[in-house]
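# Residue-level structure breakdown
Each chain, written out:
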Amino acid sequence: MKKITSILLVTFFVIIALAFNKKQQKVLIIGDSISIGYTSFVQENLKDIALVKHNPGNAQHTGKGLKNIEKWIGNEHWDVIQFNWGLWDLRYRHPESKTQGKRDKNRGRLHSLWQIMKVI
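Remember, it's a predicted structure, so these values are computed and weren't measured experimentally.

Let us now look at the environment of R91. With respect to the secondary-structure elements, R91 resides in the loop between β3 (80-84) and β4 (92-93). Looking at R91, the relative accessible area reads 32%, which means it is partly exposed. Taking the C-alpha atoms as reference, R91 lies 8.4 Å from D104; in sequence the two are 13 residues apart.

Printed below as a string of structure tokens:
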């Protein structure tokens, strides 16, 4: 229910923001698999007023976003850019963990901090 409410709220606010402009607006959604899942609904709801695109593939976490943001935005002029990295940034990971995804809440650090440190 929260997911549907969030999608409807985002769509509503974007529609209101874009409705006052006659030219077709350009919207870029950058995010993880959750945003991939709702992009088609946003595209359908905004089809008459905005061209909605999603970054190629899965943006995963903030660290990957920092590495790729300029490539995803490109030379385009976007009227709205929405970011959604979701739960990727909340996972505790440790480089020596043997579990899938190197998850380890006891010894690990939050995934976003680990990835950002690798970028910096």
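There's plenty left to go through after this.
A contiguous nonpolar surface patch, about 410 Å² in accessible area, is contributed by L9, F12, F13 and I16. Within the secondary structure, I16 is located in helix α1 (residues 2-19).

Next up on the list: the environment of W85. Mapped onto the elements of the fold, W85 is located in the loop between β3 and β4. Here the alpha-carbon distance between W85 and H61, two residues 24 residues apart in the chain, equals 5.3 Å. The contact partners of W85, leaving out residues within four places of it in the chain, are I30, D32, A59, Q60, H61, T62 and G65.

What follows deals with helix α3 (residues 62-73). Taken residue by residue, α3 has T62, G63, G65, N68 and W72 as its buried positions. Residue G74 follows α3 closely and has a positive phi angle near 65°.

The predicted model of the protein chain has a mean per-residue pLDDT of 83, with 86% of residues at 70 or higher. Of all helices and strands in the protein chain, the one with the weakest mean pLDDT is helix α4 (residues 111-119) (59), whereas strand β2 (residues 50-54) scores best (97).

A rise of 1.5 Å per residue sets the reference length of helix α2 (residues 33-45), with its 13 residues, at 18 Å; its end C-alpha atoms lie 19 Å apart and thus fit the reference within 8%. Considering bend angle alone, the principal kink of α2 is centred on T39 and spans about 35°. Taken together, the buried positions of α2 are S35, Y38, T39 and V42.

Turning to the nonpolar core, a few remarks are in order. Ranked by size, the top nonpolar core spans nine residues in total: I7, V14, V27, I29, Y38, V42, L46, A50 and V52. Those residues in contact with I29 that sit more than four places away from it in its chain are S35, Y38, T39, V42, V52, K53, H54, N55 and Q82. Within the second largest apolar cluster, six residues are counted, among which are L28, I30, A59 and W72.

Reading the values: the criteria
Residues numbered from 1 in each chain as written. Predicted model: local features only at pLDDT ≥ 70, side-chain atom pairs only at ≥ 80, totals over all residues. Heavy atoms only, no water. Helix = DSSP H or I, 4+ residues; strand = E, 2+ residues; numbered from the N terminus. Buried < 20%, exposed > 50% of the residue type's maximum accessible area, 1.4 Å probe, protein only. Patch = residues over 30% accessible without salt bridge, like charges linked within 9 Å, V, L, I, M, F, W, Y side chains within 5 Å. Areas by Shrake-Rupley, 256 points an atom, 1.4 Å probe, with all protein chains shown as cover. Salt bridge = Lys/Arg side-chain N within 4 Å of Asp/Glu carboxyl O. Contact = heavy atoms within 4.5 Å. pLDDT = per-residue confidence, 0-100. Expected span 1.5 Å × (residues − 1). Bend = angle between axes of the 7 residues up to and from the residue. Core = buried A, V, L, I, M, F, W, Y, C linked by side-chain atoms within 4.5 Å.

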